[in-house]
Amino acid sequence: MRTRLRFEMAIVLAATLVVMSGCGYNSLQGLDEDIKAAWSEVQNQYQRRFDLIPNLVNTVKGYAAHEKETFMAVTEARAKVGQVKITPDMLTDPEKFAQFQAAQTQMSSALIRLLLVAERYPDLKASENFRDLQAQLEGTENRIAVARKRYIDAVKDFNKMVRYFPTNLTAKFILHMEVKQNFTLEDEAVKQTPKVEF
């Protein structure tokens, strides 16, 4: 009797291990962490751009003091970006994600206008400080693009696992995971990279 009970328990344990290995629990956890890491990198690059802007604006101000409207637009866009509270639940809330994306889009648009103002001032374009800041901004925009691409790829992999059977059962009933939000071009005012000329 005891031998039979041990045998049945061993079969149940083996069956549980086989079923659990195919449920995707660990894969889902790993992909969720990949998304968090990729999102952190996106935030990091946007913060870098956010920090560069005051230096760029002040440099341009010194050469083009009468371009007040452009400076105000950049300052207001930067303030709006600073007001968006970035939280982990933003990745599953379409409204909060859209708000974040709209603030970043407004910032990109204001920066394009600032660079266009700079084009009108040959002395400013020749300034070593301005050239360095412009190069840093261009590099930051490229880093943002790379970080966003990595985030998009991580979200794609995660969302597939959350939606595919049988891992969708684990995601929904055990881990309570939902698909994550992703960047879209429909929400972007800027659909092409800013043109930076030296």
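First, a word on what this report is: a plain description of the structure on this page. (Residues numbered from 1 in each chain as written. Predicted model: local features only at pLDDT ≥ 70, side-chain atom pairs only at ≥ 80, totals over all residues. Heavy atoms only, no water.)

### Quick word on the pattern of salt bridges
Working step 1: This structure, assessed with the given rule, holds six salt bridges.
Working step 2: With its nearest N and O atoms 3.5 Å apart, the salt bridge here joins Asp-32 to Lys-36. Residue Asp-32 and its partner Lys-36 are both found in helix α2 (residues 25–63); the two are separated by four residues, about one turn of the helix.
Working step 3: Of the charged contacts in the structure, one is a salt bridge between Arg-49 and Glu-141, with a shortest N-O distance of 3.1 Å. (Salt bridge = Lys/Arg side-chain N within 4 Å of Asp/Glu carboxyl O. Helix = DSSP H or I, 4+ residues; strand = E, 2+ residues; numbered from the N terminus.)

### Description of the side chain of Asn-159
Working step 1: Following the sequence through the fold, Asn-159 ends up in helix α6 (residues 128–163).
Working step 2: We classify Asn-159 as buried; its relative accessible area is 15%.
Working step 3: With residues near it in sequence (within four places) discarded, Asn-159 still touches Val-179 and Lys-180. (Buried < 20%, exposed > 50% of the residue type's maximum accessible area, 1.4 Å probe, protein only. Contact = heavy atoms within 4.5 Å.)

### Re the packing of aromatic side chains
The way to describe two aromatic rings as a pair is by their centre distance and the angle between their planes.
Working step 1: In total, this model carries five aromatic pairs according to the counting rule given.
Working step 2: Aromatic side chains Trp-39 and Phe-97 sit 5.6 Å apart centroid to centroid with 40° between the ring planes, which places their arrangement in the tilted category. Taken together, the residues span a long stretch of sequence, with Trp-39 in helix α2 and Phe-97 in helix α4 (residues 94–119) at a distance of 58 residues. Just as Trp-39 is buried, Phe-97 falls in that class too.
Working step 3: Judged by centre distance (5.1 Å) and plane angle (55°), the ring pair of Trp-39 and Tyr-151 falls under tilted. (Phe/Tyr/Trp six-rings, centres within 6.5 Å; stacked < 30°, edge-to-face > 60°.)

### Quick look at the side chain of Arg-49
Working step 1: Mapped onto the fold, Arg-49 is located in helix α2.
Working step 2: For Arg-49, a relative accessible area of 1% corresponds to the buried category.
Working step 3: Setting aside anything within four residues of it in sequence, one finds Arg-49 in contact with Gln-104, Met-107, Ser-108, Leu-111, Leu-137, Thr-140, Glu-141 and Ile-144.

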